[in-house]
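# Observations on chain architecture
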Amino acid sequence: MIAKKVLLKFSKKAAGKPVICELSRKFDLTFNVMEAKISPKKEGLMILELVGTENSYNSGIGYLKENGVEISNLEDRVFRDDELCYHCGYCLSVCPTDALIIDDRQTMKVSFYRDRCIACELCVKVCPTKAMKILGLDGDLI
């Protein structure tokens with residue numbers, strides 16, 4: 001079993017289809033809607049966690065793509081502006097997945113591992129310089 005979080009972008013055509021429901025019915029995937037902003041006949045975005053076998057996951061992702069849904073990795077949603085970051089470490093205390101850690105105690109620089117990030121946004125809220133940013137559901141950096 002695997003569990004992956006994905007960012008789904010729905011086209012106007014796909015927004016009115018029950019494609020998420022079909023993931024469970026046709027592909028035996030369990031899904032958890034983490035965030036969504038979709039209106040019928042309008043474009044929309046959704047953050048979804050999918051759980052199932054790797055084969056089911058791949059088949060389900062293929063089904064979504066066939067139905068006009070763009071898929072991207074959740075970690076592609078979080079960014080750090082290295083010019084604004086002065087490695088204060090505030091983010092370390094709130095990151096639940098160790099996506100932000102200090103690799104080298106000599107330099108005390110904070111490293112950001114996007115592949116570990118679950119886009120919980122806690123780092124964005126505590127960063128005093130606003131170096132941590134998240135791509136909002138409207139497509140703008142927050």
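Right, let's walk through the structure included here. Treat the numbers as computed from the prediction; the structure is a model and nothing was measured.

### A few points about the overall build of the chain
The helix and strand inventory of the chain stands at four helices and eight strands. When the elements of the chain are put in sequence order from the N terminus, they spell out β-α-α-β-β-α-β-β-β-β-α-β. With the principal axes as the frame, the chain shows a C-alpha extent of 50 × 35 × 20 Å. Residues classed as buried in the chain amount to 37% of the 142 residues present. Taking as baseline every contact in the chain between residues at least 6 positions apart, the subset at least 24 positions apart corresponds to 63%.

### Overview of the side chain of Ser111
Take Ser111: it is sitting in strand β7 (residues 109-112). A polar atom in the side chain of Ser111 sits 2.8 Å from the side chain of Asp103. Excluding its chain neighbours within four sequence positions, the residues that come into contact with Ser111 are Arg80, Ala99, Leu100, Ile101 and Asp103.

### Examining the environment of Gly44
With respect to the helices, strands and loops of the structure, Gly44 is situated in strand β3 (residues 44-52). As for Gly44 and Lys125, which are separated by 81 residues in sequence, their C-alpha atoms are 24 Å apart. Beyond its immediate sequence surroundings of up to four residues, Gly44 is in contact with Leu8, Lys9, Phe10, Lys37 and Ile38.

What counts as what
Residues numbered from 1 in each chain as written. Predicted model: local features only at pLDDT ≥ 70, side-chain atom pairs only at ≥ 80, totals over all residues. Heavy atoms only, no water. Helix = DSSP H or I, 4+ residues; strand = E, 2+ residues; numbered from the N terminus. Buried < 20%, exposed > 50% of the residue type's maximum accessible area, 1.4 Å probe, protein only. Contact = heavy atoms within 4.5 Å. Polar contact = N/O pair within 3.5 Å; in protein donor to acceptor, adjacent residues only side chain to side chain.

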